[in-house]
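# Structural overview for review
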Amino acid sequence: MSAAPRRIVLFPAAVLRRRAAEVTRFDDSLRGLVDEMVRVMREQEGAGLAAPQVGESLRVFVTEARPEEGEALGVHVNPVIEISGDETDLMNEGCLSLPEIRGDIRRPAAVTITSSDLEGRRHARTSDGMIARIWQHEFDHLEGVLIVDRMAPVDRMRARKSLRALERSAGA
Ligand code: CO
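Residues numbered from 1 in each chain as written. Predicted model: local features only at pLDDT ≥ 70, side-chain atom pairs only at ≥ 80, totals over all residues. Heavy atoms only, no water.

Let us look at the layout of surface pockets. For the largest pocket, the calculated volume is near 440 Å³. What lines the largest pocket is a set of 22 residues, and nearest its centre among them are Gly-46, Ala-47, Gly-48, Gly-94 and Ile-134. Breaking the lining of the largest pocket down by element, the ones donating at least two residues are strand S4 (88-94) and helix H2 (130-142). Here the element with the most residues in the lining of the largest pocket is H2; it accounts for 5 residues. (1 Å grid on protein atoms, 1.4 Å probe; cavity = no way out; pocket = protein on both sides within 12 Å on 5 of 7 lines; lining within 4 Å. Points joined across faces, edges and corners; volume = space filled by probe spheres on them. Helix = DSSP H or I, 4+ residues; strand = E, 2+ residues; numbered from the N terminus.)

This part takes up the sheet that holds strand S7 (residues 122-127). What the 5 strands build is an open sheet, ordered S1-S2-S3-S6-S7; its pairing is antiparallel. The open sheet is flanked by strand S1 (48-50) and S7, the only strands paired with a single partner. Adjacent strand axes in the sheet meet at a mean angle of 40 degrees when their direction is disregarded. In this structure, strand S2 (residues 60-64) lies alongside strand S3 (residues 73-83), joined through 5 bridges in antiparallel fashion. Bridge assignment links Phe-61 to a residue of S3, and that residue is His-76. (Pairing = 2+ DSSP bridges. Axes fitted to C-alpha atoms, helices over the stretch in contact; angles between N-to-C directions.)

The next point concerns the side chain of Arg-59. Within the fold, Arg-59 resides in the loop between S1 and S2. For Arg-59, a relative accessible area of 2% corresponds to the buried category. From its side chain, Arg-59 meets the backbone oxygen of Ala-20 in a polar contact 3.0 Å long. A polar atom in the side chain of Arg-59 sits 2.4 Å from the side chain of Glu-143. (Buried < 20%, exposed > 50% of the residue type's maximum accessible area, 1.4 Å probe, protein only. Polar contact = N/O pair within 3.5 Å; in protein donor to acceptor, adjacent residues only side chain to side chain.)

This is the structure we're talking about:
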């Protein structure tokens, strides 16, 4: 079964603001979607990609971090994230759906993610590295939350022009 080719969806598309639906069927169409998401993530040189970013409002994301992060290619279906500890980190983030926009975002340093694989089996993993940051960024996409919602006001001000340009090109 070959999946329809997918393209990256840019702000301000409505699908990016919706709470995505639980995946209920672990079938060929889910596998096809995930294959396309991995292809688009690599093509765009991203570290992660959530299904709403290719126009599919489903609770699934993929990640690809450096090997030393311990998770080369991650597929997370119906993820749940739990914060471990009180520590937070401030890190600069970007997003494939918000080209040219970056900002410093404070997030918990260590989290545990529990998610299903493509066969529907649940797995739990804990990290306090870069991958923990990526999990949280991609999880936000499943809730309709974008980096501009979490940026410091000064960064949000700086992003205003780029956001307006994206809105204009979507409206054109
Ligand atoms: Co993103």
